[in-house]
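Residues per chain, in single letters:
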Amino acid sequence: FIDKVRDIVGLYLDPPGGAVVLSLDEKTQIQALDRTQPLLPMTFDATEKRTHDYVRHGTTNLFAALNVGTGEVYGECKPTRNGEDFLAFLKAAVKPHTGQEVHIVLDNLSTHTTPDVQAWLDKNPTVHFHFTPVGSSWINQIETWFGIITRQSIRRGTFASVTVLIKQIREYIDHWNANSKPFVWTATADDILAKVQLVQTNIRKLVANNAK
């Protein structure tokens, strides 16, 4: 755990010279919800309003890679999420950086470690995977971006079809990239590990008290 945290934070704070760092993951089962009426946003004298009923037209899976150095996002929506889908996205995400060292931060999902993915990595030694520790997806910067697109574009949307949902996601990515800025990562590995140690200590105390 400690070595993985130090590895990933080191990439954020001090990437190897000339290397590209991509933060990659999938946001799965995004629902195309069509409400009876569009959501009415909160105003100065009124709370947010939404209808209780909706139609669920289907879902899509968003594959996304955040360039940690520039803040740009490359994303694709796919109807399925499997090893084949991931490998196709991986190839497309690293293609613009051909000839450069590419370090990719991602979680240890089974679709990320299939034999086909491993075979591709063996043929592309300039691409390096850095897996987040179990239960620590928050250390992957793309998760921060997923939270932003959810709050600003998806959660309160009304979508008549999956096609409409995908169009909005693509437009959001285009708008984001037109004004992209990298996230400012300030926490060192020691800062993170100190907080993890504090949480572990408090949990142990809680468990011990409950056992009495």
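The coordinates are above.
Quick caveat: nothing in here was measured; it's all calculated off a predicted structure.

Remarks on the packing of helix 4 (residues 141-154) against helix 5 (residues 162-178)
- Two elements in contact, helix 4 and helix 5, have axes whose closest approach is 11 Å; the angle formed by their N-to-C orientations is 120°. Handedness of the helix 4/helix 5 crossing: right-handed. Between helix 4, through Trp145, Ile148, Ile149, Gln152, Ser153 and Ile154, and helix 5, the contact on the second element is made entirely by Gln168, Ile169, Tyr172, Ile173 and Trp176.
- Of the residues belonging to the contact of helix 4 with helix 5, the class tally is 8 nonpolar, 3 polar and no charged.

Details of the packing of aromatic side chains
- Counted under the stated rule, the structure contains 10 aromatic pairs.
- What links up through ring pairs into an aromatic cluster is the set Trp145, Phe146, Tyr172, Trp176 and Phe183.

Examining the sheet that holds strand 5 (residues 127-131)
- Strand order in the open sheet made by the 5 strands is 3-2-1-4-5, with mixed pairing throughout. Strand pairing shows two members of the sheet lacking a second neighbour, strand 3 (73-78) and strand 5, which therefore form its edges. Each neighbouring strand pair of the sheet contributes to a mean axis angle of 30°, computed without reference to strand direction.
- As judged from the 4 bridges shared by strand 1 (residues 20-35) and strand 4 (residues 102-106), these two strands associate in the parallel manner. Residue Val21 lies in a different strand from strand 4, and its bridge partner there is His103.
- Sitting on the sheet, helix 1 (residues 2-13) is in contact with strand 1, strand 4 and strand 5, with an inclination near 125° to strand 5.
- Sitting on the sheet, helix 5 is in contact with strand 1, strand 2 (54-67) and strand 3, with an inclination near 30° to strand 2.

Here is what the cut-offs are and how they apply
- Residues numbered from 1 in each chain as written.
- Predicted model: local features only at pLDDT ≥ 70, side-chain atom pairs only at ≥ 80, totals over all residues.
- Heavy atoms only, no water.
- Axes fitted to C-alpha atoms, helices over the stretch in contact; angles between N-to-C directions.
- Helix = DSSP H or I, 4+ residues; strand = E, 2+ residues; numbered from the N terminus.
- Left-handed = near helix turned anticlockwise from the far one by under 90°.
- Contact = heavy atoms within 4.5 Å.
- Nonpolar A, V, L, I, M, F, W, Y, C, P; charged D, E, K, R; others polar.
- Phe/Tyr/Trp six-rings, centres within 6.5 Å; stacked < 30°, edge-to-face > 60°.
- Pairing = 2+ DSSP bridges.

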